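Residue-level structural notes
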Amino acid sequence: MWVRSVRLFPFLLWFVAAGYGQSVPERWLTPYEKSGYTKTPRYEETMAYCRRLAGASPWIKMVSFGKSPEGRDLSMVIASKEGFSDPSRARRSGKAILLVQNGIHAGEIDGKDACLMLLRDIAISRTKAQLLDKVVLLVIPIFNVDGHERFGPYNRINQNGPEEMGWRVTAQNLNLNRDYMKADAPEMQAWLKMYNDWLPDFFIDCHVTDGADFQYTVTYSIETGINVAPPVRQWLWSDYLPALNQVRTDGIPLAPYVVFRDDNDPAKGLQGGTSPPRFSTVYVSLHNRPGLLIETHMLKAYKKRVDGTYAVIEKTMQVLNRQYKELRDYISEADSQTAAMSANAEYALQFETRDKPNRMFHFLGYEQKNEKSEISGAVRRVYSKTPIEMDLPVYDSIVERKSVTVPAAYIIPQQWSEVTKRLRMHGIHMERLTAGTKLGVTLYRLTEPKWQQRPFEGHLSVTYKVDTLHDSVTYPAGTIIARLRQPAAKVAMQLLEPEAPDAFVAWGFFNTIFEQKEYAEDYVMETMAEDMLARDSALKRSFEEKLKSDTAFAGRPRARLQFFYQHSPYWDSQMNLYPVARLEAEVPMATRALQ
């Protein structure tokens, strides 16, 4: 085929020039371009191209920020006119730092090929060199490197190209874009260290959609609701989003991420809102940084999708070059506000989308019909390629569903070392008590636990009811103190408050607290129960009322004896007691920094 060999067809170079506004020497064509825009390179070929860029330009550095479970380097390309490789130097430069992440779902690989071309156009041909005037660009060509090498033509059933691509999840079968909070994967643990070293001012995560068919090549999502720090939220609405939407006038069909409230009836409108912070772009908002999700449309030709991704990244860099100082100032203001959150201020842990439209959107779709399927027996959607336009209501306004007051600090017994280790990965600063200290604290008792019956991302997560109690507890030297007067305070609250959607306890990190470890012999408990009934009239009334009101309890001898065991002084007072305590106000404590 003519796309197989550039040498046989010199006009291909002109075609590249026409597509990207430049003349590219053949030796600098990316593997994707050499294939005629139909193939994406394997891991080694991708890294070899990045190394060539670094060898040819002082603006490009290539670093490894970790290793995958199968032993591959997790590589990042740093592009700056100063040749930065040190994050502290980059931050002191005053420039905006942009991180573009590709291949977290390694079959959705449009961003990798767009970024290789963009890096080449910036640093080799220098037709886009101005994009580095006030920006330091970080590019992760492939995040899920092991999944990328599970390579083949049948990895994305819904996707139109490239000819072959990687797999969605890692070699350990983990979905990295569900791992930002619990941080199980070695790749994610390495990413968190890199992220907190650099703390980029803007983050882009490149994906490809599943879902409905429509006319747009590129859709996007970005957190702009009440879960985003007000200074950053204002910048997004006033400066970034109006500029991003100019991509449409550049010939790239672009729209906010499309989710129908009813797939069989698009006229009912579009559903928006927010997600838990296990997802990348929600996670970075906890750090007061904007996070853009690019979702190119799965059914569009691969070249169109790559072109669209390139255009959105380029437009973002143009905005950051104009607005670098303003964005950095807004982030600094938001970080200061977070660190200054006063104890007893309200902080929202959970959100929900209002069941009321807040705006209209002029939608460009395709005609569809719904018909009974002879295969599945369900209603089947059939899309035509007849374009239609509709004004659709948008439901994307979020409100708080669950809030808590902000404590002065969390107290974590030192034996829960895995939790402490992961908090440190998130950039949360902690201290240790250097002497035993008695503290008045708020505690949670988690009752009626119920576990999922099937694993999700390697965990059997748990739900529970939450009761609050107050006590004075003497904590020994070595106990961990996580004060909330720090920019990562919102991350800490989302991980340590049990009613947060991605709390460590909900993921199962504290499952042993729900286990009964001591038991009473029936014959011992029978005798003790008789004595308890004789001595305690209130307990007797409570037992009799439970017998009348709870037939299941009344019919289970062991449950009846357990009732008395739980009311005896022998019962484990720590069972179901969440070990992380809240310190509601600052008090004097002798501590040292946790190293």
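Residues numbered from 1 in each chain as written. Predicted model: local features only at pLDDT ≥ 70, side-chain atom pairs only at ≥ 80, totals over all residues. Heavy atoms only, no water.

What follows concerns the packing of helix 14 (residues 522-535) against helix 17 (residues 557-566). Two numbers describe a pair of packed helices, the interaxial angle and the distance between the axes. Axis separation between helix 14 and helix 17 bottoms out at 9 Å; the angle between their running directions is 60 degrees. In terms of orientation, helix 14 and helix 17 fall into the oblique class. Helix-helix and strand crossings are classified by hand; for helix 14 and helix 17 the assignment is left-handed. Every residue of helix 17 that contacts helix 14 at D522, M525, E526, A529, M532 and L533 is listed here: R558, L561, F564 and Y565. Its residues assigned to classes, the contact of helix 14 with helix 17 shows seven nonpolar, no polar and three charged. (Axes fitted to C-alpha atoms, helices over the stretch in contact; angles between N-to-C directions. Helix = DSSP H or I, 4+ residues; strand = E, 2+ residues; numbered from the N terminus. Parallel < 35°, antiparallel > 145°, perpendicular 65-115°, else oblique. Left-handed = near helix turned anticlockwise from the far one by under 90°. Contact = heavy atoms within 4.5 Å. Nonpolar A, V, L, I, M, F, W, Y, C, P; charged D, E, K, R; others polar.)

Every α-helical turn comprises 3.6 residues, leaving residues that sit three or four positions apart pointing alike. Relative to the 20 Å expected for 14 residues at 1.5 Å per residue, helix 14 spans 20 Å between its end C-alpha atoms, a close match to the ideal helical length. Within helix 14 the residues assigned to the buried category are M525, A529 and M532. On an axial view of helix 14, the arc spanned by its buried residues comes to 65 degrees, and they lie on one face. Those residues of helix 14 that are exposed and aimed more than 90 degrees away from the buried face are Y523, T527, E530, A534 and R535. The secondary structure elements touched by the buried residues of helix 14 are helix 15 (537-549) and helix 17. (Expected span 1.5 Å × (residues − 1). Buried < 20%, exposed > 50% of the residue type's maximum accessible area, 1.4 Å probe, protein only. Arc of directions from axis to C-beta.)

With that out of the way, let us pick up the environment of V232. Structurally, V232 can be placed in helix 8 (residues 230-244). On the accessibility criterion, V232 (1% relative accessible area) is buried. Here the alpha-carbon distance between V232 and A409, two residues 177 residues apart in the chain, equals 25 Å. With near-sequence residues (within four places) excluded, V232 lies in contact with N288, P290, Y330, I331 and A334.

With that out of the way, let us pick up the sheet that holds strand 19 (residues 577-583). Read from one edge to the other, the open sheet built from seven strands follows the order 17-16-19-14-18-15-20, with strand pairing classed as antiparallel. Pairing within the sheet leaves two strands with one partner each, and these edge strands are strand 17 (462-475) and strand 20 (591-593). Each adjacent strand pair in this sheet contributes to an overall mean axis angle of 30 degrees, direction not counted. Across four bridges, strand 14 (residues 409-412) lies against strand 18 (residues 480-483) in antiparallel orientation. Bridging across to strand 18, I411 finds its partner in I481. (Pairing = 2+ DSSP bridges.)

A separate point is unusual backbone geometry. The omega torsion of the bond from G161 to P162 falls at 5 degrees, within 30 degrees of zero and hence cis. Counting through the fold element by element, P162 comes out in the loop between helix 6 (145-148) and helix 7 (186-198). Of note, R126 is a non-glycine position whose phi angle comes to about 60 degrees, a positive value. Tracing the backbone through its elements, the reader meets R126 in the loop between helix 5 (110-123) and strand 4 (135-140). Positive phi values are uncommon outside glycine, yet E448 reaches one of about 50 degrees. Here E448 is to be found in strand 16 (residues 437-451).

Attention shifts here to the packing of helix 3 (residues 43-56) against helix 5. Taken N-terminus to C-terminus, the directions of helix 3 and helix 5 make an angle of 15 degrees; their axes are 11 Å apart at the nearest point. Classed by the angle they form, the pair helix 3 and helix 5 counts as roughly parallel. Where helix 3 crosses over helix 5, the handedness of that crossing is left-handed. The segment helix 3 lies against helix 5, with T46, Y49, C50 and L53 engaging K112, L116, L119 and R120. A per-class count over the contact of helix 3 with helix 5 returns five nonpolar, one polar and two charged.

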